[in-house]
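Structure at a glance
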Amino acid sequence: FSLSLAGFIEEPERKYCFECASEEQCQEWIEALKRASYEFMRRSLIFYRNEIQKMTGKDPLEQYGISEEARFQLGTHK
């Protein structure tokens, strides 16, 4: 499978090619890359933030002064 990245100033369209020994190994790579994405991390942060807030009654991001930032709200995309 291949992965194309756009947006780098030095190389506007960089492409990485991956080879795997099996379909299973290929799927493992794809899942690992998805879990490392910004959107996956953002959704995980929102989920755990809400879970902590349910358990404690407090917003865990409030202490960092970022509790109202739109990128950490449900239904909002950066």
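Residues numbered from 1 in each chain as written. Predicted model: local features only at pLDDT ≥ 70, side-chain atom pairs only at ≥ 80, totals over all residues. Heavy atoms only, no water.

A count of helical and extended segments in the protein chain gives two helices and two strands. N-terminal to C-terminal, the α/β element order of the protein chain is β-β-α-α. For the protein chain, the residues scored as buried account for 10% of the 78 residues in total. Summarising the internal contacts of the protein chain: among those between residues at least 6 apart in sequence, 34% fall at separations of at least 24. Summed over all atoms, the accessible surface of the protein chain reaches about 6600 Å², with 56% contributed by carbon and sulfur. (Helix = DSSP H or I, 4+ residues; strand = E, 2+ residues; numbered from the N terminus. Buried < 20%, exposed > 50% of the residue type's maximum accessible area, 1.4 Å probe, protein only. Contact = heavy atoms within 4.5 Å. Areas by Shrake-Rupley, 256 points an atom, 1.4 Å probe, with all protein chains shown as cover.)

Glancing now at the packing of aromatic side chains. Applying the stated rule across the entire model yields two aromatic pairs. Taking 5.3 Å as the distance between ring centres and 45 degrees as the angle between the ring planes, the aromatic pair formed by Phe18 and Trp29 counts as tilted. You can see Phe18 sitting in the loop between strand E2 (13-17) and helix H1 (23-35) and its partner Trp29 sitting in helix H1, a full eleven residues away along the chain. You can call Trp29 partly exposed: its relative accessible area is 40%. Seen from their ring centres, Phe47 and Tyr48 are 5.0 Å apart, and the 80 degrees between their planes marks the pair as edge-to-face. Here Phe47 falls in the partly exposed class, since its relative accessible area comes to 45%. (Phe/Tyr/Trp six-rings, centres within 6.5 Å; stacked < 30°, edge-to-face > 60°.)

Here we take up the pattern of salt bridges. Going through the model one piece at a time under the given rule, you end up with five salt bridges. Glu31 is paired through a salt bridge with Lys34; the nearest N and O atoms lie 3.6 Å apart. With Glu31 and Lys34 both in helix H1 and three residues apart, this pair spans about one turn of that helix. The exposure class of Glu31 is partly exposed, given its relative accessible area of 34%. Given a relative accessible area of 47%, Lys34 falls into the partly exposed group. (Salt bridge = Lys/Arg side-chain N within 4 Å of Asp/Glu carboxyl O.)

Looking now at a nonpolar patch on the surface. Together, Leu3, Tyr16, Trp29 and Leu33 give the surface a local cluster of nonpolar side chains, amounting to about 330 Å² of exposed area. Structurally, the position occupied by Leu33 is in helix H1. (Patch = residues over 30% accessible without salt bridge, like charges linked within 9 Å, V, L, I, M, F, W, Y side chains within 5 Å.)

You can see Arg49 is positioned in helix H2 (residues 38-56). Of the polar contacts made by the side chain of Arg49, one reaches the side chain of Asp59; its length is 2.7 Å. In this structure Arg49 touches Asp59, Pro60, Leu61, Ser67, Phe72 and Gln73, once residues within four positions along its chain are discounted. (Polar contact = N/O pair within 3.5 Å; in protein donor to acceptor, adjacent residues only side chain to side chain.)

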